[in-house]
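Fold and contact review
For reference, the chains in residue letters:
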2 protein chains.
Amino acid sequence: MVKMRDVAKLANVSVATVSRVLHNSETVREATRKKVLSVIEQLNYQPNMLARQFRRNETKIILVVVPSIMNTVFSGIIEGIEYEASKHGYRVLLGNTNRNVENEYGLVELLKQKQTDGMILLSERMDADYIKALSEEYPLVLATAYIEGLKVPSVSIDNVSSSRDAVEHLINLGHREIAHITGPLQFAMSRGRYKGYKQALMQNNIEVRNMLVQEGDYTFESGYNQMLKIMAIEKTPTAIFAANDDMAMGAIKAAKELGHNVPTDIAVVGFDNIGFSSRFDPALTTVAQPLFEMGQKSMNLLLLQMQGEPLVKSQYVLECELIVRDSCGGKKKEKVLNEKLTT
Amino acid sequence: MVKMRDVAKLANVSVATVSRVLHNSETVREATRKKVLSVIEQLNYQPNMLARQFRRNETKIILVVVPSIMNTVFSGIIEGIEYEASKHGYRVLLGNTNRNVENEYGLVELLKQKQTDGMILLSERMDADYIKALSEEYPLVLATAYIEGLKVPSVSIDNVSSSRDAVEHLINLGHREIAHITGPLQFAMSRGRYKGYKQALMQNNIEVRNMLVQEGDYTFESGYNQMLKIMAIEKTPTAIFAANDDMAMGAIKAAKELGHNVPTDIAVVGFDNIGFSSRFDPALTTVAQPLFEMGQKSMNLLLLQMQGEPLVKSQYVLECELIVRDSCGGKKKEKVLNEKLTT
DNA sequence: CTGAAAGCGCTAACAG
DNA sequence: CTGTTAGCGCTTTCAG
């Protein structure tokens, strides 16, 4: 392996000069720089990054911890992170936890051992106090997840108000019997979306009926199953608000199987605007999170920390947008495929 | 930052001994080991991995280059890779290229600069000769992709025979007018699947009609558009074989919009068995790749290379399986949700 | 503008 | 079984 010494020797300069050339230091005579560069080319010299990282004690790599890589919500955020990171000379690597906390703790080691300069967490499985402590010692940002009460730098959405908006849309369409399929209620996110649902009903003087609220686990199957349960009760609802798109689609599948038409018999609204929601039949009305922007914001927050800046504001909440498609009957059936679809 | 010297000093031993304890060397007296370990705990010592990596010239990290993270095919393979990697003390990091060759070349730098011990490529965008040269110098495995003629270690499926099987299934159901929506034909994968389609027809004395073959680009939209084209020709087909599930679903959407029923009017078969294929309406008949196994195999091939073993066999082709669901009418409509769905 | 030299923290001979 | 010590390749003062 050709190293800096070899370059220096052949170029008749010192290793220090080679190093300077490599870092575009201003204090190198043009002729010297040219000579060094040509020798670098000639020898096909590649700096040993391990040595550099060791010496500088930084890697220029940031780690994004994802609970699952096959989820368009995460990939959307990651795109924003990558965009912003590359602008600032950082490389993004992903650590997949497969929704396993153990793996999450394992990846944190990379941070502690300085193998990555900073970390963005796209989940909230780890112990809150642990995360808090970690964030005091290392550059860390929570995206989507947000720990109530803890001042850990984070970027999230307002689950409550965006759910409220979604449900209000249904109310405005004339629905009064609206069911809700929640996510697991141990997650703040699920509770937030549930809360928004209740607020919308209450603000419109609609009674919240417990029977109409069923807890799913964010999977398609749970949406399907909870929908069957909901449709088995005496006074069936005319609309469903599911806490995510997967469950919304499961619910629609169940409704169809029971012989109901969506949206004419039952209107459905989801949450997340996953890639498939526009392709589903019927195309799903859903709440879109500003994923790219969340990624950017997270990365910026992380950069500030890595630069040692004091964070004036460390918790950001971004706006969601309700995407009205066919599943809620809120707009006339029109030609599909007229919006940009992501795969 | 507490370092080995600090531990050594407090434990009254040399740094060498601390290092030995850290590496479970047998040649340390139990008492000494205990003492060192307790001091490590007491000081909350974390070895500086950058130093270790630099010194040992290895990172124990392998990099998986993915063209897109929101693709269940890739995530399936990655799971297999991770499973096998962790068994052998390696950590897996993902590099997302967003289907951009530039990014791919950029990630290769990590390998060249020794920031990762090996690399698994889940794509084939880079120049074949470049990959070949790279693989001669560094541990490298191609998964799914496979470069015709080049002896780069790879794990793939037989696109030709698995497509042939899929199309033969349609033929066995009585179809003789079978259309094919291909992927971009500059990819060997697309050509392979196309070839399998033709072989199936020819082996059954069915004429291959050019009009029935349309080139898509693996997106849902292209499946939709090509299907519209296909259904516009005079003698419309009774079955469609799409080169992937996304296009198959797009085709089904088009068929539905044209007033055709799937599968009674038109049977559809896809390829990949992506997560959504079982949830689609109708559930999609498709070719499942042995993703997990492919991941395992790739990682094993990589491990052999990293251990400097000579590869006796470097190219592996694994078997696919045809999953018969509702979209081809090949089995009676039955209760859904009876198979394990992945999200 | 350039060179000499001192390490960064750890590992691995080698010597005891 | 344990300690001493020489670097790994690079960056970065400090002199010149």
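Computed from a predicted model, the values in this text were never measured in an experiment.

1. Some thoughts on helix H7 (residues 128–137) of chain B
All names here are of chain B. The complete set of buried residues in H7 reads Ile 131, Leu 134 and Ser 135. Seen from one end, H7 has its buried residues packed into an arc of 100°, which puts them on one side. The exposed residues of H7 that point more than 90 degrees off its buried face are Asp 129, Glu 136 and Glu 137. Against the buried residues of H7 lie helix H6 (101–112), strand S3 (118–121) and strand S4 (140–143).

2. Some remarks on the protein's contact with DNA strand D
Taken together, 27 residues are adjacent to DNA strand D, and Met 4, Tyr 45 and Arg 55 of chain A together with Arg 20 and Thr 32 of chain B come closest. When atoms of DNA strand D within 4 Å of the protein are split into backbone and base, the sugar-phosphate part holds 58%. A distance of 2.7 Å separates a phosphate oxygen of DNA strand D from a polar atom in the backbone of Arg 29 of chain B. Those elements that provide at least two residues to the surface near DNA strand D are helix H2 (15–22) and helix H4 (49–56) of chain A together with helix H2 (15–22) and helix H4 (49–56) of chain B. For the surface near DNA strand D, the element with the highest residue contribution is H4 of chain A, accounting for five residues. Its residues assigned to classes, the surface near DNA strand D comprises 11 nonpolar, eight polar and eight charged.

3. Quick word on the packing of aromatic side chains
Evaluated as defined, the whole model comprises 12 aromatic pairs over all chains. With centroids separated by 6.5 Å and ring planes inclined at 75°, the aromatic side chains of Phe 220 of chain A and Phe 276 of chain B adopt a geometry described as edge-to-face. Within this pair, whereas Phe 220 of chain A is found in helix H10 (residues 220–230), its partner Phe 276 of chain B is found in the loop between strand S9 (267–272) and strand S10 (285–288), the two belonging to separate chains. Taken individually, Phe 220 of chain A and Phe 276 of chain B each receive the classification buried, so the pair is uniform in this respect. A ring pair is formed by Phe 280 of chain A and Phe 276 of chain B, whose centres lie 6.2 Å apart and whose planes are at 80°; its orientation type is edge-to-face. Taken together, the residues span two chains, with Phe 280 of chain A in the loop between strand S9 (267–272) and strand S10 (285–288) and Phe 276 of chain B in the loop between S9 and S10.

4. So, the protein's contact with DNA strand C
The full set close to DNA strand C counts 26 residues, and Arg 20 and Thr 32 of chain A together with Lys 3, Tyr 45 and Arg 55 of chain B are the nearest of them. At 2.6 Å, a side-chain N or O of Lys 3 of chain B approaches a phosphate oxygen of DNA strand C. Tyr 45 of chain B places a polar side-chain atom, nitrogen or oxygen, 2.5 Å from a phosphate oxygen of DNA strand C. Elements represented by at least two residues in the surface near DNA strand C include exactly H2 and H4 of chain A together with H2 and H4 of chain B. Considering each element in turn, the surface near DNA strand C owes the most residues, five residues, to H4 of chain B.

5. Thoughts on the domain arrangement of chain A
One widely used convention gives an interface's size as the accessible area the parts lose upon coming together. Split into domains, chain A comes out as domain 1 (4–47), domain 2 (55–152 + 293–319) and domain 3 (159–285 + 324–342). Relative to domain 2 of chain A, the C-alpha centre of domain 1 of chain A lies at a distance of 36 Å.

6. Quick look at unusual backbone geometry
For the bond running from Val 262 of chain A to Pro 263 of chain A, omega is 15°, close enough to zero to count as cis. Positionally, Pro 263 of chain A belongs in the loop between helix H11 (245–257) and S9. At Asn 273 of chain A, a position not held by glycine, the phi torsion is positive, near 55°. The residue Asn 273 of chain A is located in the loop between S9 and S10 in this model. The phi torsion at Arg 99 of chain B lies on the positive side, around 60°, for a residue other than glycine. Mapped onto the fold, Arg 99 of chain B is located in the loop between strand S2 (91–96) and H6.

7. Some points on the side chain of Asn 159 of chain A
Residues and elements named next belong to chain A. Tracing the sequence through the fold places Asn 159 in helix H8 (residues 159–172). Judged by its relative accessible area of 12%, Asn 159 is buried. Those residues in contact with Asn 159 that sit more than four places away from it in its chain are Met 189, Gly 192, Arg 193 and Phe 271.

8. Examining the pairing of strand S5 (residues 154–157) of chain B
The two faces of a sheet get side chains in turn, since along a regular strand they alternate between them. Residue and element names in this part refer to chain B. Here S5 shows a buried face lined by Ser 154 and Ser 156 and a second buried face lined by Val 155 and Ile 157. Direction of pairing for S4 relative to S5: parallel, over a ladder of two bridges. In the sheet register, Ala 143 faces S5, and the bridge partner there is Val 155. Inspection of the sheet shows S5 paired to strand S11 (residues 315–318) by four bridges, in the parallel sense. Across the sheet, the residue bridging to Ser 156 is Val 317, located in S11.

9. Digging into the nonpolar core
Ranked by internal contacts, the top residues of the largest apolar core, which has 147 residues, are Val 64 and Ile 120 of chain A together with Ile 62, Val 64, Ile 120 and Met 299 of chain B. Not counting residues up to four positions away in its chain, the partners in contact with Met 299 of chain B are Ile 62, Ile 81, Glu 84, Ala 85, Tyr 90, Ile 120 and Met 306 of chain B. Counting residues in each nonpolar core, the second largest holds 38 residues, with Tyr 138 of chain A together with Val 65, Leu 134 and Leu 150 of chain B among its members.

10. Quick notes on the interface of chain B and chain A
Each side of the interface is counted separately: chain B has 55 residues, and chain A has 55 residues. Across the interface of chain B and chain A, roughly 5,100 Å² is buried in total on both sides, 61% from carbon and sulfur atoms. Glu 221 of chain B is the salt-bridge partner of Arg 279 of chain A, the closest N and O atoms lying 3.6 Å from each other. The interface formed by chain B and chain A includes 13 residue pairs in polar contact (both at pLDDT 80 or more).

Reading the values: the criteria
Residues numbered from 1 in each chain as written. Chains lettered and ligands numbered in written order. Predicted model: local features only at pLDDT ≥ 70, side-chain atom pairs only at ≥ 80, totals over all residues. Heavy atoms only, no water. Buried < 20%, exposed > 50% of the residue type's maximum accessible area, 1.4 Å probe, protein only. Helix = DSSP H or I, 4+ residues; strand = E, 2+ residues; numbered from the N terminus. Arc of directions from axis to C-beta. Contact = heavy atoms within 4.5 Å. Near = heavy atom within 4 Å. Polar contact = N/O pair within 3.5 Å; in protein donor to acceptor, adjacent residues only side chain to side chain. Nonpolar A, V, L, I, M, F, W, Y, C, P; charged D, E, K, R; others polar. Phe/Tyr/Trp six-rings, centres within 6.5 Å; stacked < 30°, edge-to-face > 60°. Domains from an automatic or database assignment. Pairing = 2+ DSSP bridges. Core = buried A, V, L, I, M, F, W, Y, C linked by side-chain atoms within 4.5 Å. Buried area = accessible area lost by both parts, 1.4 Å probe. Salt bridge = Lys/Arg side-chain N within 4 Å of Asp/Glu carboxyl O.

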